[in-house]
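Below are the chains, spelled out letter by letter.
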Amino acid sequence: MKPFIYDYNLDDLQEWAKENNEPAFRAGQIFDWVYVKRVNNFQDMSNLSKELRQKLEDQFQFVTLSEITKFESKDGTVKFLFALQDDHAIETVVMKHNYGNSVCVTTQVGCRIGCTFCASTLGGLKRDLTAGEIVAQVVQAQKILDEKNERVSSIVIMGTGEPFENYDATMKFLRIMIHEKGLNIGQRHITVSTSGIVPNIYKFADENTQINLAISIHAPNDKLRSKLMPVNRRFPFDDVMESLRYYLAKTGRRISFEYALIGGVNDQPEHAQELADVLKHMLCHVNLIPVNHVPERKYVRTSRSDIFQFQRILAENGVNVTIRREQGHDIAAACGQLRAKHMELR
């Protein structure tokens, strides 16, 4: 299969131009056509010679994301289920906020992390996405927004999959997204979320970026976290926290903790106090997420009163905390739900 043009950053294109006896500036023109003008056909690159356009067509292909279905929420959230070239399906979500448009991207087909409250893990991991397949999700979203004269203002890497288990592709995707000659997304407007793949937290800390880091924590201790997140058996709670202390010392950047509240499981006052004791001396923010009901799971949502009590205990201990505003609740916008339904029907 021919490589995807979206898998090539500007440096890669410059190297390709050199190998193909083309002047270096051609790489910049190609990059501009792909990310600024956002064409999906090499023959549309009108300031390139016919010979060069044919050479590109012979050697590359665009990622094809075929829309299987699309759901639009009352709050403006749009969730897409896309088919890839090998007929696997992935989800991408476009969310409208008062500060702009955010795209939530997927990094893997399925997931092997095994969080017991998440639909993404149903069916396990099928394969990693290439950097270009992740890029294509944002480009597709931007093309849709182009029709409204709007742009993608932020990206969250919180869709299906564990980004830090597909680390190299994720980092290449990020570097393409932030390039000033491409989509030019501000680094501080991008957040990558991990379940705690410890070696790559250290690696990410050394990348010298301004990209935000979020950790799916979901429990205040090792025992409970292992029940909810089997990955904790590979990378125990204390090891995750130690890697995060390194990240803070190295970058000075605030960490976000994602905590899914599950009725009667991890949402009691003692859980809130234990979490506060762990986090109160860290530069961090806790995002409380009332768990979405997944038919295949038995968990229930935390009551409103317990959500506010949990928030209050953290705040009283000096922990910065908010309750995530739910979006797309009426269209199964939680990670993996739409894909799981699609898999059932196949």
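Numbers given for residues are sequential positions, taken from 1 along each chain in its written order. Restriction of local features to residues with pLDDT of at least 70 applies here, the model being predicted, together with a cutoff of 80 or more for giving and counting side-chain atom pairs; totals for whole chains, interfaces and linings are based on all residues. In computing side-chain values, all of the structure's heavy atoms are included and hydrogens and water are not.

An unreviewed UniProt entry lists the protein under the name Probable dual-specificity RNA methyltransferase RlmN, with Paenibacillus glacialis as the source organism. Turning to the protein, the UniProt record has this under Sequence similarities (unreviewed entry): "Belongs to the radical SAM superfamily. RlmN family." UniProt positions are given in the numbering used here, feature names are shortened, and annotations may be inferred rather than shown by experiment. Heading Subcellular location (unreviewed entry) of the UniProt record for the protein holds this comment: "Cytoplasm".

Another aspect to go through is the side chain of serine 102. Tracing the sequence through the fold places serine 102 in strand S4 (residues 100–104). When accessible area is computed with a 1.4 Å probe and restricted to protein chains, residues below 20% of their type maximum are described as buried, those above 50% as exposed, and intermediate ones as partly exposed. Using a relative accessible area of 2% as the deciding quantity, one classes serine 102 as buried. Side-chain polar atoms of serine 102 contact the side chain of serine 154, separated by 3.3 Å. It only takes one pair of heavy atoms within 4.5 Å for two residues to be counted as in contact. Apart from the residues within four sequence positions on either side, serine 102 is in contact with Val93, Val94, Met95, His97, Ser154, Ile155 and Val156. Secondary structure elements are defined from DSSP: runs of H or I of at least 4 residues count as helices, runs of E of at least 2 residues count as strands, and each element is numbered from the N terminus. N or O atoms within 3.5 Å of each other form a polar contact, as long as, within protein, one can give a hydrogen and the other can take it, and as long as residues adjacent in sequence are counted only when both atoms are side-chain atoms.

It is worth spelling out the layout of surface pockets at this point. Reported here for the second largest pocket is a volume of approximately 180 Å³. Along the wall of the second largest pocket there are 13 residues; nearest its centre are Glu72, Gly76, Val78, Ile144 and Lys148. Of all the elements in the fold, those that place two or more residues in the lining of the second largest pocket are strand S1 (66–72), strand S2 (78–83), strand S3 (89–97) and helix H4 (131–146). The residue makeup of the lining of the second largest pocket, split by class, is seven nonpolar, two polar and four charged. Two kinds of site are reported from a 1 Å grid over the protein atoms alone, namely cavities, where a 1.4 Å probe fits but cannot get out, and pockets, open sets with protein on both sides within 12 Å along at least five of seven lines, and residues are called lining when an atom falls within 4 Å of a point. Grid points are joined across faces, edges and corners, and a volume is the space filled by probe spheres set on the points. Gly counts as polar in this scheme, as do all residues outside two lists: the nonpolar Ala, Val, Leu, Ile, Met, Phe, Trp, Tyr, Cys and Pro, and the charged Asp, Glu, Lys and Arg.

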